[in-house]
Structures are given as C-alpha cells and as structure tokens.
Amino acid sequence: MRLLLIWIINALSLLAVAYLVPSVGVASFYVALVTALLLAVVNTVIRPVLVLVTLPINILTLGLFTFVINALLFWFVASFVEGFRVGGFWSAFWGALAYSVISTLASGLLAPRARET
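Keep in mind that what you see is a predicted model, and the values were worked out from it rather than measured. Within each chain, residues carry numbers counting from 1 in the order of the written sequence. In keeping with the predicted nature of the model, local features appear solely for residues at pLDDT of at least 70, side-chain atom pairs appear and are counted solely at 80 or more, and the whole-chain, interface and lining totals rest on all residues. Based on all heavy atoms of the structure, the side-chain values leave hydrogens and waters out of the count.

Asker: What should I look at first to understand a nonpolar patch on the surface in this one?
Answerer: Nonpolar side chains collect at one region of the surface, where L37, V41, V45, I46, L50, F76 and F80 lie side by side and expose about 600 Å² of accessible area between them. The dominant element in the nonpolar patch, judged by the number of residues it contributes, is helix α2 (residues 29–53), at five residues. Patches here are clusters of residues that have more than 30% relative accessible area and form no salt bridge, with a 9 Å joining cutoff for like charges and a 5 Å cutoff for nonpolar side chains (Val, Leu, Ile, Met, Phe, Trp, Tyr). Per-residue accessibility takes into account occlusion by the displayed protein chains alone, with areas from the Shrake-Rupley method and a 1.4 Å probe. Definition used for salt bridges: Asp or Glu carboxyl oxygen within 4 Å of a side-chain nitrogen of Lys or Arg. Helix and strand labels come from DSSP, where a helix needs a run of H or I of at least four residues and a strand needs a run of E of at least two; each type is numbered from the N terminus.

Take a look at the structure:
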C-alpha cells in the first residue's frame, strides 16, 4: 500500500515540477504516472552503475557530480515517454532537483516509514 502511495506522490511531484520549471512539461496525470514509474526503474537499475563508473569524478567533486547524473537520467527518461518533455540539460538539472526535493518532502509528510523498535 505504501509503495502505491509513493508512486502517486511521485507522479504529483512531477506535475508540480511542470509548474515550477517552465521548460519541463507533463501532458496529463497518466503521463506523470508512467514517467514516475520509469524514473523509479531507471534510478534503481541504471543510476547505481553510473555512480560506480563515475566514482573518481564524484570523489573529486565531493559528490556534486551526482546532480549531473540525476539530470541526465531525468532527461533520458523524457526521451522515452510521449507527453513528458524537458527543454535541455539545465531544465533537466533544475527539474530533477525540484522533483527530488518535492517528492522527498511529500513522501516524508504523507507516507512516513514505520519506526523500528
């Protein structure tokens, strides 16, 4: 049940990003659901490999290169989903940053994790 709630929160976060970042567009809620699911899959499968491959650059930049990886993956997903568009790298950068902040805050407020005792 929590996983479904997180998925819906992420889709709503994408819709919010479309309002905050002018060159990021989401056509409908259905497109936001598909995009949120694809972003979750890409971040689960591809992101760890990219972080491992770029580890020397990540160490040199004190972890800031992770923002670039997130932007590139956000932009990459936009190339696959019809109805989800990102204007360029900087749009992807600010869109990915806003998406992560909004979804993290909303998930923390609306779907808190059960505390372990």
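Asker: What am I meant to see in the packing of helix α4 (residues 65–78) against helix α5 (residues 89–110) here?
Answerer: What describes two packed helices is the angle between their axes and the distance between those same axes. Each axis is a line fitted through C-alpha atoms, taken for helices only over the stretch in contact, and angles between the N-to-C directions span 0 to 180 degrees. Contact geometry for α4 and α5: axes closest at 8 Å, N-to-C directions at 105 degrees. Looking at the two axes, α4 sits roughly perpendicular to α5. Along the contact surface, α4 presents F67, V68, N70, A71, L72, F74 and W75, while α5 presents F89, A92, F93, G95, A96, L97 and Y99. All residues other than Ala, Val, Leu, Ile, Met, Phe, Trp, Tyr, Cys, Pro, Asp, Glu, Lys and Arg, Gly among them, are scored as polar; the first ten of these are nonpolar and the last four charged. Residues that form the contact of α4 with α5 fall into these classes: 12 nonpolar, two polar and no charged. Working definition: roughly parallel below 35 degrees, roughly antiparallel above 145 degrees, roughly perpendicular at 65 to 115 degrees, and oblique for all remaining angles. The criterion used for residue contact is that any of the two residues' heavy atoms lie within 4.5 Å.

Purely geometric numbers; function is a separate question.
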